[in-house]
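Summary of the model geometry
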Amino acid sequence: MDDNILRIDNLKKYFPLKGGLVVKAVDGVSLRLAAGETLGLVGESGSGKSTIAYVLIGMYEATDGRIIYKGEDISRGGLRRTLKQKSEMQIVFQDPGSSLNPKRTIRQSLAVPLAVHSKNTPGKDLDKKIEGLLDEVELPLDFAGKYPSALGGGERQLVSVARALAANPSLIILDEPTSALDVSIQAKVISKLIDLQHEKSLSYLFITHDLSLMRNVADRVAILYLGRLCEQAPAPEFFQNPLHPYTQMLLSSIPVVTPEEESMKPARIRSSGEIPSPVNVPPGCAFHLRCRNKMPICETERPLMKTVTEGHEVCCHLDFER
Amino acid sequence: MTRDGENGMNDPLLELSDMSVSFDVYGRKYHVLDGISLTVRKGERIGLVGESGCGKTSTLKAILRVLPRNAVINGGTVSFSGKDVYKMSGRELDNMRRLGAGMIFQDPSSALNPVFTIESQFLTALRYSLPPNTPKHELYEKAARALESVMLPDSGRIMKSYPYQLSGGMKQRVCIAMTIAAGRELMLADEPGTSLDVTIQDQILRLINQLVLDGNIAVIMVSHSLGVIRESTGYVNIMYAGTVVESGNTEEVFKNPAHPYTVALMACVPKLTGEDLSKGIPGRVPDYSRPPSGCRFSSRCKFAKEICLGTKPPRIEIAPNHFVSCYFAGEVI
């Protein structure tokens, strides 16, 4: 009955500091992701978006909460996952300059996941598979013998995508895959990612700070603030009817290039204040220090996620009656 | 946004004409800036926008005459308040940097020295700008006033802080305050919001706009983001591979982009309205050591013809105050 391939329930990841302090990087996040869907996870720096990615991929062990992938509980750390579970979920990091080993040729980098996930591939087939991977991301085959330093930023990122594809995953976590790239290169990488998703019916968890990119890429958008979700909704609904005060502030802060976009911004809300340190999350609603609709209750009581319309959830004390 | 450019009566504060700069790297010459012309008047907000490596920062460095040693000026002039920057004596150059033009950088964390308090760095900067016998309390007052003008009201605490005790947005405000405190006329802002979150970037850009409106300063805003430039400048220069391919009043250029590069670049920007993204611009930026003799965009331009490859296109005024360097400006799109 459940067509979600990934479900996260009340995920928490705390990092203890010296002196008994705790960084609550992720503090009770619940998400779901359907097969073939792109979920855009958007937040400012320090909001915990990358931590969620690292917990999902198994680099960190969750402090609390459950991660259900295709019906199997994978909340345990990555070391205790089966090879099959690991191959199902892959990640592409932000900076291809540091996620690709500079001393390995592209062939060597691509051969690692192949060796791990499809063992006993004879040498000849390995070459063919590497060519196939390069072909899938439309890179010239002679790139196999090159080092990352000989490639441009966009090409390197496509190699990272090819490396993720090598394990034959059904879910790829894209952690800011294009934020280090120029827009003309970004457009190329994004269009390739969208094509691949259609060809292989992949699911994407697309992590970014660039909200306008999500309009083109995501089926659903979720907004993260200080390790908690503020709002999530299907993309068209999200951009037409943003409800959470933080979402509205975020949207109206985006510099845009056309008057039509200008008119989509919620009545010019001046952004004010800054994101507090996650060591010292304000009590009640984490956003109340910057919120223009603050009520007394916001300072004391943490709001719950409530459904406004089908699929549109907001975590705020305000009343959103339709 | 129309406020800019109305001060046409003013003499230009800064004028670059046909600046060309190349860099010598291991005996190879890289022709980076190729004929950059700019004019900045008091109270104007001028934008330079382009992708990485197109020469935006080199242009700013050329203005302050702080290009690295391997840079060679191949032609053109920079004049500040009517004086040729590259013919200035040491003292004149010092004067320009003390009271004329100052720069703020992309990353405020590396622009401030981590081992000194804001106070010590701020007063050092002011001592450089103001006469040497200015008493310390006067310097301190000036600093406090500047911090207030950048919306950092608690100046006493800020001055006592080390950079690590301030957030990114606050550090950038401090950098801006240091630039304007002595009353400089021109601020060169090199990607001032890029390393900050969007909500903080929005605050910083609003602050810079306000400073231009309030006082008599002018700003050259450098950014790779078309959105930032559209919202915070009155006049824009679109740069590609060391050349200005299109320039004009910001509103006009964004409404009627005419250079094929500008059009292609705008199509690559993701929009809130959800318009289809283009598939990027094919090809790569030309090799600066052997740039094409014609239009530098010709190798990637889908409208390129024979003539584009041979000789540099002229700068054509296709509408009042809207210049395009393309043989087919107005015909393409």
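Once a new chain begins, its residue numbering starts again from 1 and follows that chain's sequence as written. Each chain gets a letter, beginning with A, and each ligand a number, beginning with 1, in the order they are written. pLDDT decides what is reported in this predicted model: residues at 70 or higher carry local features, side-chain atom pairs at 80 or more are listed and counted, and totals for whole chains, interfaces and linings draw on all residues regardless. The basis for every side-chain value is the complete set of non-hydrogen atoms in the structure, without hydrogens or water.

1. Brief notes about the overall build of chain B
Helix and strand assignments follow DSSP, with helices taken as H or I runs no shorter than four residues and strands as E runs no shorter than two, numbered in order from the N terminus. Broken down by element type, chain B carries 12 helices and 12 strands. As a reference, a globule follows 2.2 Å times the number of residues to the power 0.38, and the radius of gyration itself is taken over C-alpha atoms. Against the globule reference of 20 Å for 333 residues, chain B gives a C-alpha radius of gyration of 21 Å, in line with a compact fold. Viewed in the frame of its principal axes, chain B has a C-alpha envelope of about 65 × 50 × 45 Å. Only protein chains enter the calculation, and the probe is 1.4 Å; a residue is then buried if its accessible area is under 20% of its type maximum, exposed if over 50%, and partly exposed in between. The buried share of chain B, taken over its 333 residues, is 54%. Two residues form a contact once any of their heavy atoms are found within 4.5 Å. Partitioning the intrachain contacts of chain B with sequence separation of at least 6 by distance along the chain shows that 64% fall at a separation of at least 24. The Shrake-Rupley method, run with a 1.4 Å probe, gives the accessible areas here. Residue values count only the displayed protein chains as cover. Accessible surface, chain B as shown: approximately 14600 Å² in total, 52% of it carbon and sulfur. By the counting rule applied here, Lys and Arg register as positive and Asp and Glu as negative, while His and the ends of each chain are not counted. By convention, charge coordinates are those of NZ in Lys, CZ in Arg, CG in Asp, or CD in Glu. Taking the 37 positively charged and 34 negatively charged side chains of chain B as two groups, their mean positions are separated by 5 Å.

2. Notes on the packing of aromatic side chains
Residues and elements named next belong to chain A. Stacked, tilted and edge-to-face are the three classes assigned to paired rings of Phe, Tyr and Trp, where Trp is represented by its six-membered ring and a pair needs centres within 6.5 Å; plane angles under 30 degrees give stacked, over 60 edge-to-face, the rest tilted. As enumerated under the stated definition, the model contains 11 aromatic pairs over all chains in all. Between tyrosine 54 and phenylalanine 93, the aromatic rings sit 6.2 Å apart at their centres with planes inclined by 50°, giving tilted as the arrangement. A residue pair is termed long-range when its members are at least 10 positions apart, and tyrosine 54 in helix H1 (residues 49-57) and phenylalanine 93 in the loop between strand S6 (89-92) and helix H3 (96-99) qualify at 39 residues. The class of phenylalanine 93 is partly exposed, set by a relative accessible area of 24%. With a centroid separation of 5.2 Å and 75° between ring planes, the pair formed by phenylalanine 238 and phenylalanine 239 is classed as edge-to-face.

3. A closer look at the sheet that holds strand S1 (residues 4-16) of chain A
With respect to topology, four strands assemble into an open sheet ordered S2-S1-S4-S5 (chain A), the strand pairing being antiparallel. Across the chains shown, the open sheet's two edge strands, defined by having one partner strand only, are strand S2 (22-34) and strand S5 (72-73) of chain A. Two strands are said to pair when DSSP picks up at least two bridges between them.

4. Points about the confidence of the model for chain B
All names here are of chain B. The predictor rates its confidence in each residue with pLDDT, a number between 0 and 100. Chain-level pLDDT for chain B is 91 on average; 96% of the residues reach the 70-or-more range. Every residue in residues 1-8 scores below 50 in pLDDT, and together they form 17 contacts with partners more than four places removed in sequence or on other chains. Reported confidences for the modelled complex are a pTM of 0.89 and an ipTM of 0.86.

5. Topic: the pairing of strand S3 (residues 45-49) of chain B
Residues and elements named next belong to chain B. Counting buried residues along S3, five of its five residues qualify, which places the element largely inside the surrounding structure. Going residue by residue along S3, you find Arg45, Gly47 and Val49 tucked away on one face and Ile46 and Leu48 tucked away on the opposite face as well. The pairing of S3 with strand S8 (residues 218-223) spans five bridges and is classified as parallel. Bridge pairing links valine 49 to serine 223 in S8. Both S3 and strand S9 (residues 235-240) contribute to a ladder of four bridges, which runs parallel. Counted as the bridge partner of leucine 48 is asparagine 237 from S9.

6. Comments concerning a nonpolar patch on the surface
Patches in this entry comprise residues that are over 30% relatively accessible and not in a salt bridge; like charges within 9 Å are linked, as are nonpolar side chains (Val, Leu, Ile, Met, Phe, Trp, Tyr) within 5 Å. Just to be clear on terms, a salt bridge is a Lys or Arg side-chain nitrogen sitting within 4 Å of an Asp or Glu carboxyl oxygen. Where nonpolar side chains cluster on the molecular surface, the patch consists of Leu17(A), Leu21(A) and Val279(A) and spans about 220 Å² of accessible area. Take Leu21(A): its relative accessible area is 45%, and that puts it in the partly exposed class.

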